[in-house]
Structure formats: C-alpha cells, structure tokens
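Each chain, letter by letter, is given below.
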Amino acid sequence: MADAFHVPAGPHDIRLVVCDMDGTLLDAAKQIPDALWPLVDRMHQQGIVFAPASGRQHATLTRQFARLAGELVVIAENGSYVGRGGAEVSSSPMPGEAMPGIVDIVRRHAGAGYDVGAVVCGKRSAYVERTDDAFLGKVVPYYAALETVDDLRAVDDEILKVAVYDFGDAAHDLYPALAGLEDRLQVVVSDRHWIDIMAPGVNKGVAVRRLQEALGVSPAQTVVFGDYLNDLEMMDASELSFAMANAHPRVAERARYTAPANTEAGVVVTLRRLLEHPVA
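Below is a short write-up of the structure. The structure presented is a predicted model; accordingly, all values stated were derived computationally and were not measured.

**A few points about the pattern of salt bridges**
One side chain can pair with another of opposite charge once the charged atoms of both are near each other.
Part 1: For the structure on display, the rule yields 17 salt bridges.
Part 2: Between D132 and R130 there is a salt bridge whose closest N-O contact spans 2.5 Å.
Part 3: Accessibility expressed as a relative area gives 29% for D132, which makes it partly exposed.
Part 4: A salt bridge links D196 to K161, with the shortest nitrogen-to-oxygen separation between them at 3.8 Å. On the criterion of sequence distance, the pair formed by D196 in strand β11 (residues 194-198) and K161 in strand β9 (residues 159-166) is long-range, its members being 35 residues apart. For the pair D196 and K161, a shared accessibility class is recorded, and that class is buried.
Part 5: Here the residues in one salt-bridge network are D20, K204 and D231, joined through shared partners.

**What about the pairing of strand β10 (residues 186-189)?**
Part 1: Side-chain alternation along β10 places Q186 and V188 on one buried face and V187 and V189 on a second face that is also buried.
Part 2: Of the strand pairs in this sheet, β10 and β11 are connected by 4 bridges, and their pairing is antiparallel. Each bridged residue has a counterpart across the sheet, and for V188 the counterpart in β11 is D196.
Part 3: Where β10 folds back onto β11 in an antiparallel hairpin, the turn is made up of 4 residues.

So, how was this worked out
- Residues numbered from 1 in each chain as written.
- Predicted model: local features only at pLDDT ≥ 70, side-chain atom pairs only at ≥ 80, totals over all residues.
- Heavy atoms only, no water.
- Salt bridge = Lys/Arg side-chain N within 4 Å of Asp/Glu carboxyl O.
- Buried < 20%, exposed > 50% of the residue type's maximum accessible area, 1.4 Å probe, protein only.
- Helix = DSSP H or I, 4+ residues; strand = E, 2+ residues; numbered from the N terminus.
- Pairing = 2+ DSSP bridges.

Read these as layout, nothing more, since geometry by itself doesn't imply function.
Take a look at the structure:
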C-alpha cells in the first residue's frame, strides 16, 4: 500500500515513464502543466521514453502532445491501442458482434429515463448518435476525431472500445446494466461518469507490458502514475508505481508509492526527484 509522498533513494535506471492523464497529469483546468515539457526533453536526452496512458483516443493524445511529433509514444483507449512514432505497436479490437449489443443496452437505459449516451470508438474515428450540446460538451474534449451518425450499430470501423457517459453516478446507475457483459468483455468504471467496454483482457497494464516488450524495458526500469480504477493494472507493471494523493482508495492500495495530487503538479514534482540521481 502506498504511504505518504516518498521517492525511493536513487540512482534509478529509468527507461520508461507511463502517465495517466485526467486526475493524474492534468491540472484542475484539465491542462498539461507547462513544467512537464522541460522534463520530457530531459528524459528524451537520457534515453527515457515518456508515454501518456489514457481512455482518450489516439488522435486526441496526438493533438495534446503535438510538440513531441515523431517521438510520441501513447497508450490510448484504456490500453486497446498502443502507438509509437505514428505507427501501431499493438491493438485489441472488440469482437465484431459485441458493439451493437452494448448500444442496445445504452438505448434501453436511456429509454428508462437515465441520462446516458454512447461513444463508439474506432481506429479511424469515434462516433456518436446523440448530438445535444450537453452530451457533446462531455465528449468533444476527449475525441479529436469524432463523427455523427444516424445509427451507431451500423458503424463500419475496427471498434476498440465503447465509452458510455452517465450524467448521474455511472457506478451506481449504469454499471449494473452492463455488468452482465463481464463474462465476455472488459467493463471498467473510468471515473464518476464514464464507463468503458473493451475486448476481454484489455487494460492499461497489458498495454504497458506490450510497450515494455517493444522497447526492451523491464518493470524495474518503468515508472507509472495513476489515480482511478482503469489504472489499477498499471500499478502491477512497474516497480516504481505511484498513486496520486487524490487517487481512488483501491489504486492507493495497489501502488507502491504516493505522489502529490494532480492539482499540486504531483507528476512533475515526483519526476524531478526521480531524475535527480539517474544511473550514469
């Protein structure tokens, strides 16, 4: 279990840093701290790969980290897509028959009076059929490539994930309706309002391990940061795992160490400490 903020004594042979976005790296205004960029430059100079890991789509992360260009490594769609330098490292599309059934569940839930909407996340784009301003206001920040369609069930794309937004409490209101899918799909509560449904066995931890294999990096050479339930498996893929001070209790329990809250630039503060004594 992670205790108070503590960075183990160096030197540290770090080769990979994987960082969740919302509630972890991003500040209270949902912005990347300016102080991160010099650290990323420093890491690249030392041969350390920095990879954002998020439920956000690949196109959105590419836009947010545009200044890294060809050096960008990402774990997107909660681990169902891993990219490096604009090329795919790995992906885990959902079974072809799964998406229409999920859309039907969401439609029935909406018909019962719940304020919910689905985003079907493909490799080419994300897709929505609900177009009111309230819903799109929650979706657009996460999906740079977004198309409106008449029928989500008819989308023709490789589907990586279905994300469902619940204006109420997703874990209480919507999750019970989707829990029956867990025998054949991965159902994850990403935060208070979002639930992500993916192929079985897909999570950020698996994605980190695939990235480690591609880079020739070990868990001992990997740092991870996270705050919510979709970050749980990442904690097991690193010997330097940090839960943010604002993390869900289960994430704090799973991580080895604690970083300051995202509102206190916890990732930046912790990385500075870790990079003070690198291996020569």
